Amino acid sequence: MTEVLCIGEMMIELAQASEGAVRSGFGGDTFNTAVYLSRLGQPTGYLTAFGDDPWSTDARAALRSEGVDDGVCPTASGRTMGLYAIRTAKDGERSFTYWRDRSPARDVFGALFSPDVQTAIMEARLIYLSGISLWLYDVTSLDRLFGLLHEARKAGTLVAFDGNYRSRLWGPNREHARATYSRMLDLTDICLATAEDEVLLWDDVDTNSSHARLAAHGIAEIVLKCGSQGALIAPDMHVPTKPDPHPVDTTAAGDSFNAAYLAARLAGRTTEVAASKGNQLAGLVIRHAGAILPIGKMHEGDTGTGPVDNC
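Small disclaimer: the values here were computed from a predicted structure and weren't measured.

Visitor: Teacher, can you tell me more about the packing of helix α8 (residues 195–202) against helix α9 (residues 207–215) here?
Guide: When two helices pack together, their arrangement is given by the angle between their axes and by how far apart the axes lie. It is the contact of α8 with α9, at a shortest axis distance of 10 Å, that shows an interaxial angle of 75 degrees. For the element pair α8 / α9, the angle class is roughly perpendicular. Of the residues in α9, those touching α8 at Ala195, Glu198 and Trp202 are Thr207, Ser210, Arg213 and Leu214. The residue inventory of the contact of α8 with α9, partitioned by class, reads 3 nonpolar, 2 polar and 2 charged.

What follows is the structure, given as C-alpha coordinates:
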(Lines give C-alpha, C1' and ligand atoms only; values in the text may rest on other atoms or scores of the structure.)
Protein backbone atom coordinates (compact mmCIF):
# COMPACT_ATOMS: atom_id res chain seq x y z
CA MET A 1 0.00 0.00 0.00
CA THR A 2 1.26 3.47 -0.90
CA GLU A 3 1.77 5.48 2.29
CA VAL A 4 3.13 8.68 0.79
CA LEU A 5 1.64 10.31 -2.29
CA CYS A 6 3.83 12.96 -3.95
CA ILE A 7 2.03 15.39 -6.26
CA GLY A 8 3.61 17.45 -9.03
CA GLU A 9 5.32 17.15 -12.39
CA MET A 10 7.96 14.81 -13.73
CA MET A 11 9.84 16.32 -16.66
CA ILE A 12 12.47 15.44 -19.21
CA GLU A 13 15.78 16.82 -17.93
CA LEU A 14 18.58 18.03 -20.20
CA ALA A 15 21.89 18.90 -18.54
CA GLN A 16 25.30 19.97 -19.79
CA ALA A 17 27.92 17.27 -19.89
CA SER A 18 31.57 17.42 -20.91
CA GLU A 19 32.76 19.04 -24.14
CA GLY A 20 29.40 20.59 -24.98
CA ALA A 21 27.46 17.35 -24.88
CA VAL A 22 24.01 17.15 -23.29
CA ARG A 23 22.76 14.25 -21.20
CA SER A 24 19.09 13.46 -20.71
CA GLY A 25 17.17 12.09 -17.78
CA PHE A 26 14.11 12.89 -15.71
CA GLY A 27 13.59 15.37 -12.90
CA GLY A 28 11.20 17.61 -11.04
CA ASP A 29 11.19 18.62 -7.39
CA THR A 30 8.48 16.30 -6.05
CA PHE A 31 9.60 13.50 -8.36
CA ASN A 32 13.09 13.76 -6.84
CA THR A 33 11.61 13.50 -3.36
CA ALA A 34 9.47 10.52 -4.36
CA VAL A 35 12.53 8.64 -5.63
CA TYR A 36 14.50 9.27 -2.45
CA LEU A 37 11.54 8.34 -0.24
CA SER A 38 11.25 5.04 -2.08
CA ARG A 39 14.98 4.37 -1.82
CA LEU A 40 14.72 4.96 1.92
CA GLY A 41 12.14 2.19 2.15
CA GLN A 42 9.00 4.32 2.25
CA PRO A 43 6.13 2.99 0.06
CA THR A 44 5.57 5.92 -2.27
CA GLY A 45 3.28 6.82 -5.15
CA TYR A 46 3.51 9.69 -7.60
CA LEU A 47 0.56 11.70 -8.90
CA THR A 48 1.08 13.53 -12.17
CA ALA A 49 -0.18 13.10 -15.74
CA PHE A 50 1.72 11.80 -18.76
CA GLY A 51 1.33 11.96 -22.51
CA ASP A 52 1.25 9.01 -24.89
CA ASP A 53 4.69 9.80 -26.32
CA PRO A 54 7.83 7.61 -25.96
CA TRP A 55 9.32 9.96 -23.34
CA SER A 56 6.26 9.45 -21.14
CA THR A 57 6.58 5.67 -21.54
CA ASP A 58 10.20 5.91 -20.45
CA ALA A 59 9.27 8.17 -17.54
CA ARG A 60 6.76 5.66 -16.21
CA ALA A 61 9.39 2.94 -16.51
CA ALA A 62 11.85 5.13 -14.59
CA LEU A 63 9.34 5.56 -11.76
CA ARG A 64 8.69 1.85 -11.56
CA SER A 65 12.40 1.04 -11.61
CA GLU A 66 12.71 3.15 -8.45
CA GLY A 67 9.79 1.37 -6.80
CA VAL A 68 7.48 4.41 -7.11
CA ASP A 69 3.85 3.58 -7.95
CA ASP A 70 2.54 5.40 -11.05
CA GLY A 71 -0.76 3.54 -11.21
CA VAL A 72 -2.97 6.56 -10.53
CA CYS A 73 -1.36 8.81 -13.18
CA PRO A 74 -3.71 9.57 -16.11
CA THR A 75 -2.58 9.68 -19.75
CA ALA A 76 -3.33 12.62 -22.05
CA SER A 77 -3.71 11.47 -25.64
CA GLY A 78 -1.66 13.39 -28.20
CA ARG A 79 0.43 15.29 -25.66
CA THR A 80 3.98 15.04 -24.39
CA MET A 81 5.49 15.71 -20.98
CA GLY A 82 7.32 18.91 -20.06
CA LEU A 83 11.03 19.52 -20.48
CA TYR A 84 13.67 21.61 -18.74
CA ALA A 85 17.37 22.30 -19.24
CA ILE A 86 19.96 22.94 -16.52
CA ARG A 87 23.09 25.07 -16.61
CA THR A 88 25.42 24.60 -13.66
CA ALA A 89 27.89 27.30 -12.59
CA LYS A 90 31.39 26.64 -11.24
CA ASP A 91 30.16 26.97 -7.64
CA GLY A 92 27.52 24.26 -8.18
CA GLU A 93 24.56 26.64 -8.40
CA ARG A 94 22.18 25.98 -11.26
CA SER A 95 19.76 27.83 -13.52
CA PHE A 96 16.78 26.39 -15.39
CA THR A 97 14.98 26.92 -18.71
CA TYR A 98 11.52 25.36 -19.07
CA TRP A 99 9.27 24.13 -21.89
CA ARG A 100 6.14 23.03 -20.06
CA ASP A 101 3.17 25.23 -21.03
CA ARG A 102 1.14 22.27 -22.37
CA SER A 103 2.38 19.66 -19.93
CA PRO A 104 -0.33 17.08 -19.12
CA ALA A 105 0.56 17.48 -15.43
CA ARG A 106 -1.22 20.84 -15.47
CA ASP A 107 -4.58 19.10 -16.00
CA VAL A 108 -4.44 16.37 -13.36
CA PHE A 109 -7.03 18.23 -11.23
CA GLY A 110 -8.85 19.56 -14.29
CA ALA A 111 -9.73 17.74 -17.51
CA LEU A 112 -7.78 14.61 -16.50
CA PHE A 113 -9.23 14.34 -12.99
CA SER A 114 -10.78 10.98 -12.11
CA PRO A 115 -12.29 9.15 -9.11
CA ASP A 116 -9.02 7.18 -8.91
CA VAL A 117 -7.11 10.40 -8.25
CA GLN A 118 -9.55 11.32 -5.49
CA THR A 119 -9.26 7.87 -3.91
CA ALA A 120 -5.45 8.00 -3.97
CA ILE A 121 -5.47 11.28 -2.07
CA MET A 122 -8.01 10.12 0.49
CA GLU A 123 -6.17 6.86 1.20
CA ALA A 124 -2.63 8.24 1.58
CA ARG A 125 -1.02 8.40 5.01
CA LEU A 126 0.88 11.53 3.95
CA ILE A 127 0.55 13.82 0.93
CA TYR A 128 3.58 15.80 -0.20
CA LEU A 129 3.60 18.69 -2.67
CA SER A 130 5.43 21.94 -3.35
CA GLY A 131 4.96 25.51 -4.47
CA ILE A 132 5.99 24.39 -7.95
CA SER A 133 3.15 21.86 -7.82
CA LEU A 134 0.72 24.66 -7.00
CA TRP A 135 2.00 26.80 -9.88
CA LEU A 136 0.93 24.11 -12.36
CA TYR A 137 -2.79 24.43 -11.70
CA ASP A 138 -5.42 26.96 -12.74
CA VAL A 139 -7.87 28.44 -10.21
CA THR A 140 -10.50 25.73 -10.69
CA SER A 141 -7.94 22.96 -10.30
CA LEU A 142 -6.53 24.59 -7.17
CA ASP A 143 -10.01 24.77 -5.66
CA ARG A 144 -10.45 21.05 -6.29
CA LEU A 145 -7.02 20.21 -4.89
CA PHE A 146 -7.52 22.29 -1.75
CA GLY A 147 -10.96 20.76 -1.21
CA LEU A 148 -9.48 17.26 -1.44
CA LEU A 149 -6.68 18.11 0.98
CA HIS A 150 -9.22 19.51 3.43
CA GLU A 151 -11.26 16.31 3.33
CA ALA A 152 -8.18 14.08 3.52
CA ARG A 153 -6.91 15.87 6.61
CA LYS A 154 -10.27 15.41 8.32
CA ALA A 155 -9.86 11.67 7.69
CA GLY A 156 -6.40 11.69 9.30
CA THR A 157 -4.03 12.23 6.37
CA LEU A 158 -1.00 14.42 7.00
CA VAL A 159 -0.04 17.10 4.46
CA ALA A 160 3.59 18.15 3.95
CA PHE A 161 4.45 21.23 1.88
CA ASP A 162 7.72 22.60 0.54
CA GLY A 163 7.27 26.22 -0.55
CA ASN A 164 10.01 25.98 -3.21
CA TYR A 165 9.13 29.45 -4.50
CA ARG A 166 10.37 30.28 -8.00
CA SER A 167 9.76 33.89 -9.02
CA ARG A 168 10.45 33.08 -12.67
CA LEU A 169 7.40 30.80 -12.70
CA TRP A 170 5.01 32.99 -10.71
CA GLY A 171 6.03 36.29 -12.32
CA PRO A 172 6.94 39.69 -10.86
CA ASN A 173 3.59 40.24 -9.11
CA ARG A 174 3.80 38.18 -5.93
CA GLU A 175 0.19 38.63 -4.85
CA HIS A 176 -1.15 35.57 -6.68
CA ALA A 177 1.65 33.41 -5.27
CA ARG A 178 1.12 34.79 -1.77
CA ALA A 179 -2.63 34.15 -1.89
CA THR A 180 -2.13 30.61 -3.20
CA TYR A 181 0.57 29.81 -0.65
CA SER A 182 -1.57 31.18 2.19
CA ARG A 183 -4.40 28.81 1.28
CA MET A 184 -1.94 25.93 1.13
CA LEU A 185 -0.31 26.77 4.44
CA ASP A 186 -3.72 26.66 6.13
CA LEU A 187 -3.89 23.00 5.03
CA THR A 188 -0.31 22.08 6.00
CA ASP A 189 0.79 19.84 8.89
CA ILE A 190 4.52 19.71 8.07
CA CYS A 191 6.10 22.75 6.42
CA LEU A 192 9.52 22.22 4.82
CA ALA A 193 10.47 25.77 3.88
CA THR A 194 13.71 27.24 2.55
CA ALA A 195 14.82 30.38 4.39
CA GLU A 196 15.98 32.11 1.20
CA ASP A 197 12.65 31.47 -0.55
CA GLU A 198 10.69 32.85 2.39
CA VAL A 199 12.59 36.12 2.09
CA LEU A 200 11.95 36.32 -1.66
CA LEU A 201 8.22 35.72 -1.38
CA TRP A 202 7.35 37.33 1.96
CA ASP A 203 10.18 39.83 2.65
CA ASP A 204 10.89 38.16 5.99
CA VAL A 205 13.72 39.89 7.85
CA ASP A 206 15.13 36.73 9.46
CA THR A 207 14.37 33.08 10.21
CA ASN A 208 12.52 33.95 13.42
CA SER A 209 10.05 36.11 11.51
CA SER A 210 9.60 33.33 8.93
CA HIS A 211 8.92 30.82 11.68
CA ALA A 212 6.42 33.10 13.41
CA ARG A 213 4.55 33.83 10.18
CA LEU A 214 4.31 30.14 9.30
CA ALA A 215 3.25 29.22 12.83
CA ALA A 216 0.38 31.72 12.56
CA HIS A 217 -1.21 29.33 10.03
CA GLY A 218 -1.51 26.70 12.75
CA ILE A 219 1.20 24.46 11.27
CA ALA A 220 2.24 21.83 13.80
CA GLU A 221 5.74 21.17 12.43
CA ILE A 222 7.97 23.75 10.74
CA VAL A 223 11.43 23.20 9.27
CA LEU A 224 13.45 26.05 7.79
CA LYS A 225 16.23 24.80 5.54
CA CYS A 226 19.23 27.15 5.71
CA GLY A 227 21.52 25.63 3.08
CA SER A 228 25.07 25.12 4.30
CA GLN A 229 23.99 26.24 7.78
CA GLY A 230 21.70 23.24 8.26
CA ALA A 231 18.10 23.43 9.40
CA LEU A 232 16.06 25.34 11.97
CA ILE A 233 13.35 23.13 13.48
CA ALA A 234 12.21 25.57 16.17
CA PRO A 235 13.05 29.23 16.85
CA ASP A 236 15.77 28.13 19.29
CA MET A 237 16.74 24.72 17.86
CA HIS A 238 19.26 24.54 15.02
CA VAL A 239 20.55 21.31 13.51
CA PRO A 240 23.82 22.21 11.75
CA THR A 241 25.43 20.38 8.87
CA LYS A 242 29.00 20.08 7.69
CA PRO A 243 29.34 22.54 4.77
CA ASP A 244 30.89 21.23 1.56
CA PRO A 245 33.30 23.90 0.23
CA HIS A 246 33.19 22.47 -3.29
CA PRO A 247 29.69 21.23 -4.17
CA VAL A 248 29.41 19.65 -7.61
CA ASP A 249 25.71 20.33 -8.18
CA THR A 250 23.12 21.61 -5.70
CA THR A 251 20.17 20.29 -7.73
CA ALA A 252 17.73 18.39 -5.47
CA ALA A 253 19.53 19.24 -2.23
CA GLY A 254 16.28 20.45 -0.69
CA ASP A 255 14.23 17.68 -2.32
CA SER A 256 16.46 14.98 -0.86
CA PHE A 257 16.47 16.68 2.55
CA ASN A 258 12.67 16.54 2.51
CA ALA A 259 12.66 12.83 1.66
CA ALA A 260 15.04 11.86 4.45
CA TYR A 261 13.23 14.11 6.93
CA LEU A 262 9.78 12.72 6.12
CA ALA A 263 10.97 9.11 6.06
CA ALA A 264 12.48 9.55 9.51
CA ARG A 265 9.36 11.22 10.91
CA LEU A 266 7.09 8.51 9.50
CA ALA A 267 9.36 5.98 11.21
CA GLY A 268 8.79 7.73 14.54
CA ARG A 269 12.10 9.58 14.81
CA THR A 270 12.30 13.00 16.47
CA THR A 271 12.39 16.21 14.44
CA GLU A 272 16.02 16.70 15.46
CA VAL A 273 17.05 13.27 14.19
CA ALA A 274 14.96 13.72 11.06
CA ALA A 275 16.66 17.03 10.26
CA SER A 276 20.05 15.40 10.77
CA LYS A 277 19.08 12.65 8.33
CA GLY A 278 17.97 15.32 5.87
CA ASN A 279 21.29 17.13 6.18
CA GLN A 280 23.19 13.89 5.59
CA LEU A 281 21.35 12.94 2.40
CA ALA A 282 21.46 16.48 0.98
CA GLY A 283 25.21 16.50 1.68
CA LEU A 284 25.62 13.38 -0.43
CA VAL A 285 23.46 14.68 -3.27
CA ILE A 286 25.46 17.88 -3.80
CA ARG A 287 28.65 15.85 -4.29
CA HIS A 288 27.31 14.44 -7.57
CA ALA A 289 25.97 15.83 -10.84
CA GLY A 290 22.21 15.68 -11.38
CA ALA A 291 19.19 15.41 -9.15
CA ILE A 292 19.28 11.66 -8.52
CA LEU A 293 22.28 9.95 -6.95
CA PRO A 294 23.60 6.74 -8.51
CA ILE A 295 21.94 4.04 -6.43
CA GLY A 296 25.29 2.80 -5.14
CA LYS A 297 26.08 6.22 -3.65
CA MET A 298 23.02 6.41 -1.40
CA HIS A 299 24.89 5.29 1.71
CA GLU A 300 28.34 6.58 0.86
CA GLY A 301 28.95 8.10 4.28
CA ASP A 302 27.86 10.57 6.91
CA THR A 303 28.53 14.22 6.08
CA GLY A 304 28.77 14.94 9.80
CA THR A 305 26.51 16.97 12.07
CA GLY A 306 27.38 18.88 15.18
CA PRO A 307 25.43 19.15 18.41
CA VAL A 308 22.12 20.99 18.52
CA ASP A 309 22.63 24.61 19.50
CA ASN A 310 21.01 28.01 19.18
CA CYS A 311 20.71 29.39 15.65
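Visitor: What should I look at first to understand the pattern of salt bridges in this one?
Guide: Opposite charge on two side chains allows them to pair when their charged atoms are near. Under the criterion given, the structure shown has 18 salt bridges. A salt bridge links Arg60 to Asp70; its shortest N-O distance comes to 2.9 Å. Here Arg60, found in helix α2 (residues 54–65), pairs with Asp70, found in the loop between α2 and β6 (75–76); they are 10 residues apart in sequence, far enough to count as distant. The same class applies to Arg60 and to Asp70, which are both buried. Two residues, Asp197 and Arg166, come together in a salt bridge whose shortest N-O distance is 3.5 Å. Placement of Asp197 in helix α8 and of Arg166 in the loop between β10 (158–162) and α6 (167–170) is noted, with a sequence separation of 31 residues between them. In this structure Asp197 comes out as buried when scored by relative accessible area, which is 7%.

Visitor: I'm lost on the pairing of strand β12 (residues 221–225) in this one. Help?
Guide: On any regular strand, side chains alternate: one points to one face of the sheet, the next to the other face. The element β12 is largely enclosed, with a buried count of 5 among its 5 residues. Sheet topology places strand β11 (residues 190–194) next to β12; 5 bridges connect them, and they run parallel. Opposite Leu192, over in β12, you have Val223 as the bridge partner. Where β12 lies against strand β13 (residues 231–234), 2 bridges are found, and the strand directions are antiparallel. Bridge assignment links Leu224 to a residue of β13, and that residue is Leu232. In this antiparallel pair of consecutive strands, β12 and β13, the connection spans 5 residues, and Gly227 shows a positive phi of 60 degrees.

Conventions and cut-offs
- Residues numbered from 1 in each chain as written.
- Predicted model: local features only at pLDDT ≥ 70, side-chain atom pairs only at ≥ 80, totals over all residues.
- Heavy atoms only, no water.
- Axes fitted to C-alpha atoms, helices over the stretch in contact; angles between N-to-C directions.
- Helix = DSSP H or I, 4+ residues; strand = E, 2+ residues; numbered from the N terminus.
- Parallel < 35°, antiparallel > 145°, perpendicular 65-115°, else oblique.
- Contact = heavy atoms within 4.5 Å.
- Nonpolar A, V, L, I, M, F, W, Y, C, P; charged D, E, K, R; others polar.
- Salt bridge = Lys/Arg side-chain N within 4 Å of Asp/Glu carboxyl O.
- Buried < 20%, exposed > 50% of the residue type's maximum accessible area, 1.4 Å probe, protein only.
- Pairing = 2+ DSSP bridges.

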